[in-house]
Amino acid sequence: MTDLRDAAQAHVLAAQTGRPGERYLLTGQGVGPKELSLLVSEIAGVKPPTFRPPTFLMRLMGRHFVRKARRHGGDTPADADASDGLAGGQLAYDSTRSRSELGVSYRPARELLVDTARWLLHVNALEPAVAQKVRTQLGARAEPDADWAPV
């Protein structure tokens, strides 16, 4: 899980101090589906739905995305290789280079999810009953940051 704020900071650092031609993976804490579900339950007070698509469906979707991208141009959200990897379990990426060469640090998954829940409350993106559970669970932490624009 990678917070957008961390990814943005990494882009700035890469532009300032990165080595030309190098690639830097911007990956925060690796969190599997079960752990993610538990974190969301603890943070938001709601149990998220869980569904693991069958392997054949993951592969079919990957191939569909590739064909569609070829037909219409542009990028694909996932390709067959990524779909095969996801079908087999959790993909893991190594951000050692961005951490060591750029000095990037990544927020822990728990912090990222708390801030996500706060943002969803701020923009009224949750159903009222769910929003109330999340507010109750977060307590004083549910308040938006002072620099967040009113919605």
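Everything discussed here concerns the structure shown above.
Analysis parameters
Residues numbered from 1 in each chain as written. Predicted model: local features only at pLDDT ≥ 70, side-chain atom pairs only at ≥ 80, totals over all residues. Heavy atoms only, no water. Helix = DSSP H or I, 4+ residues; strand = E, 2+ residues; numbered from the N terminus. Buried < 20%, exposed > 50% of the residue type's maximum accessible area, 1.4 Å probe, protein only. Areas by Shrake-Rupley, 256 points an atom, 1.4 Å probe, with all protein chains shown as cover. Lys, Arg positive; Asp, Glu negative; His and termini not counted. Charge placed at Lys NZ, Arg CZ, Asp CG, Glu CD. Axes fitted to C-alpha atoms, helices over the stretch in contact; angles between N-to-C directions. Parallel < 35°, antiparallel > 145°, perpendicular 65-115°, else oblique. Left-handed = near helix turned anticlockwise from the far one by under 90°. Contact = heavy atoms within 4.5 Å. Nonpolar A, V, L, I, M, F, W, Y, C, P; charged D, E, K, R; others polar.

### A closer look at the overall build of the protein chain
Okay, step 1: Broken down by element type, the protein chain carries seven helices and zero strands.
Okay, step 2: Moving toward the C terminus, one meets the helices and strands of the protein chain in the order α-α-α-α-α-α-α.
Okay, step 3: Each principal axis of the C-alpha distribution contributes one length, and for the protein chain these read about 45 × 45 × 30 Å.
Okay, step 4: A total of 151 residues make up the protein chain; the buried ones form 29% of that total.
Okay, step 5: Within the structure as shown, the protein chain displays about 10,400 Å² of accessible surface, and the carbon and sulfur contribution to it stands at 57%.
Okay, step 6: The positive charge centre, built from 20 side chains, and the negative charge centre, built from 17, are 7 Å apart in the protein chain.

### Details of the packing of helix α2 (residues 33–44) against helix α6 (residues 109–122)
Okay, step 1: It is at 10 Å that the axes of α2 and α6 come closest, and there the two elements cross at 50°. Taken together, α2 and α6 sit at an angle that is classed as oblique. The element α2 and its partner α6 pack so that their crossing is right-handed. Here Leu36, Leu39, Val40, Glu42 and Ile43 of α2 lie close against α6, whose contacting residues are Ala109, Arg110, Leu113 and Val114.
Okay, step 2: Across the contact of α2 with α6, the residue classes tally to seven nonpolar, no polar and two charged.

### Re unusual backbone geometry
Okay, step 1: Phi is positive for Asn124, which is not a glycine, with a value near 55°.
Okay, step 2: Turning to its location among the elements, Asn124 is positioned in the loop between α6 and α7 (128–138).

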